Amino acid sequence: MASVVRPGGTPATVALEAKGVAFTPHAYEHQDTATNFGEEAAAALGLDENRVFKTLIVQADAELVVAVVPVSGKLDVKALATLVGAKKATLADPALAARRTGYIVGGISPIGQKTALTTIVDESAELYDTVFVSGGRRGFDIELAPRDLAELTGARFAAIARA
């Protein structure tokens with residue numbers, strides 16, 4: 001069974017609107033059987049996977065960190081750990097990620113999270129005028145300028161993705 005999500009009304013869009021940040025909502029039909037949500041979004045929206053970014057919550061020693069990387073690649077956990085001064089980094093427990101961000105897994109947006117976390121966006125985002133990230137629900141992405149994403153989340157750009 002598929003669900004269609006209408007744009008708007010998520011903490012991400014509320015935060016964008018409150019700050020007056022330009023963005024474009026993109027709803028698509030989410031398949032309940034999908035497990036790779038970023039690839040699903042890229043395919044459904046007809047986009048290059050390098051321009052669609054997934055939001056990962058990472059446990060870096062005792063701290064949670066948000067990593068935003070292209071759907072086409074994987075997170076380089078060693079590079080992320082080094083950037084945030086941690087000895088070790090692993091993907092956070094999904095239940096913990098959902099509790100701390102206020103979003104469900106597969107719909108975690110880097111914007112409008114319940115708890116402000118250190119955020120790192122892969123530097124490849126700067127290659128594009130706009131990028132796509134989760135809008136806060138499965139089946140809903142938002143398109144915005146990478147600099148606006150970084151400004152709104154307090155993120156910095158760094159090389160944290162690998163092929």
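Residues numbered from 1 in each chain as written. Predicted model: local features only at pLDDT ≥ 70, side-chain atom pairs only at ≥ 80, totals over all residues. Heavy atoms only, no water.

Quick notes on the nonpolar core
Inside soluble globular proteins, nonpolar side chains tend to come together where they are buried. The condition is simple: Grouping buried Ala, Val, Leu, Ile, Met, Phe, Trp, Tyr and Cys residues that are joined through side-chain atoms within 4.5 Å yields what is termed a nonpolar core. The rule is simple: take the accessible area with a 1.4 Å probe, protein chains only, and divide by the maximum for that residue type; under 20% is buried, over 50% is exposed, in between is partly exposed. Secondary structure elements follow DSSP: runs of H or I no shorter than four residues count as helices, runs of E no shorter than two count as strands, and numbering proceeds from the N terminus.
Counting 24 residues, the largest nonpolar core has Ile-57, Ile-111, Val-133 and Ile-142 as the members making the most contacts within it. Within the residue set of this core, elements represented by two or more residues are α1 (11–19), β4 (53–60), β5 (63–70), β9 (131–137), β10 (140–144) and α5 (146–153). Counting 14 residues, the second-largest nonpolar core is a separate cluster that includes Ala-67, Ala-86, Ala-89 and Ala-158.

Quick look at the layout of surface pockets
Rule in force here: Cavities and pockets are defined on a 1 Å grid built over the protein atoms alone: a cavity is a set of grid points where a 1.4 Å probe fits but cannot escape, while a pocket is an open set with protein on both sides within 12 Å along at least five of seven lines, and lining residues are those with an atom within 4 Å of any such point. Grid points are joined across faces, edges and corners, and a volume is the space filled by probe spheres set on the points. Residues were grouped as follows: Ala, Val, Leu, Ile, Met, Phe, Trp, Tyr, Cys and Pro as nonpolar; Asp, Glu, Lys and Arg as charged; and all remaining residues, including Gly, as polar.
Put simply, the largest pocket is a space of about 570 Å³. The element contributing the most residues to the lining of the largest pocket is β4, with five residues. Of the residues assigned to the lining of the largest pocket, the class counts are 15 nonpolar, seven polar and three charged. What lines the second largest pocket is a set of 14 residues, among which Pro-110, Gly-112, Gln-113, Leu-152 and Thr-153 lie closest to the centre. Residues that form the lining of the second largest pocket fall into these classes: seven nonpolar, six polar and one charged.

Focus on the environment of Val-121
Filter applied, for reference: The criterion used for residue contact is that any of the two residues' heavy atoms lie within 4.5 Å.
Along the polypeptide, Val-121 turns up in strand β8 (residues 118–122). We classify Val-121 as buried; its relative accessible area is 0%. Taking the C-alpha atoms as reference, Val-121 lies 9.0 Å from Phe-53; in sequence the two are 68 residues apart. Discounting chain neighbours no more than four positions away, the residues touching Val-121 are Val-68, Leu-149, Ala-155, Arg-156, Phe-157, Ala-158 and Ile-160.

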